[in-house]
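Coordinates in review
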Amino acid sequence: MGIADWAKDAFENAKDAAAEAVDNVKEFAADATENVKEFAADATENVKEFAADATEKVQDVAADVTDKVKDVFDGDQPQAASVVPETPAGA
């Protein structure tokens, strides 16, 4: 085998290695893209669940506070007498 044949084989081997490397990079990029999409979908779902839970808790607290305020003004709570002043006669 002469130098020309050796160079031709070396070039073919380098070309094959480069093509394989490009294929590997494409496969890695596709896998990475899929992983990022899955992570983003999971993160989005987690944020939606957190927001829904937080909203529900805030609504529960607001309902409890509303009920307690109504109870105080309706006189259903013992502290109503000390919290809600009586209207003076003739006012």
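In what follows, the accompanying structure is described. These numbers were taken from a predicted model, which means no experiment stands behind them.

**Examining the overall build of the protein**
- When you go through the protein residue by residue, the secondary structure sums to two helices and zero strands.
- Per-residue burial over the protein gives 2% buried out of 91 residues.

**Some remarks on the pattern of salt bridges**
- In the structure shown here, the tally under the stated rule is one salt bridge.
- Where E12 meets K15, a salt bridge forms, and the shortest distance between an N and an O atom there is 3.8 Å. Here E12 pairs with K15, and both are found in helix 1 (residues 3–74), just three residues apart, close to one helical turn.

**Details of a nonpolar patch on the surface**
- On the surface, V61, V65, V69 and F73 cluster together into a nonpolar patch covering about 390 Å² of accessible area.
- Relative accessible area serves as the criterion here: at 47%, V65 is assigned to the partly exposed category.

Reading guide: rules and limits
- Residues numbered from 1 in each chain as written.
- Predicted model: local features only at pLDDT ≥ 70, side-chain atom pairs only at ≥ 80, totals over all residues.
- Heavy atoms only, no water.
- Helix = DSSP H or I, 4+ residues; strand = E, 2+ residues; numbered from the N terminus.
- Buried < 20%, exposed > 50% of the residue type's maximum accessible area, 1.4 Å probe, protein only.
- Salt bridge = Lys/Arg side-chain N within 4 Å of Asp/Glu carboxyl O.
- Patch = residues over 30% accessible without salt bridge, like charges linked within 9 Å, V, L, I, M, F, W, Y side chains within 5 Å.
- Areas by Shrake-Rupley, 256 points an atom, 1.4 Å probe, with all protein chains shown as cover.

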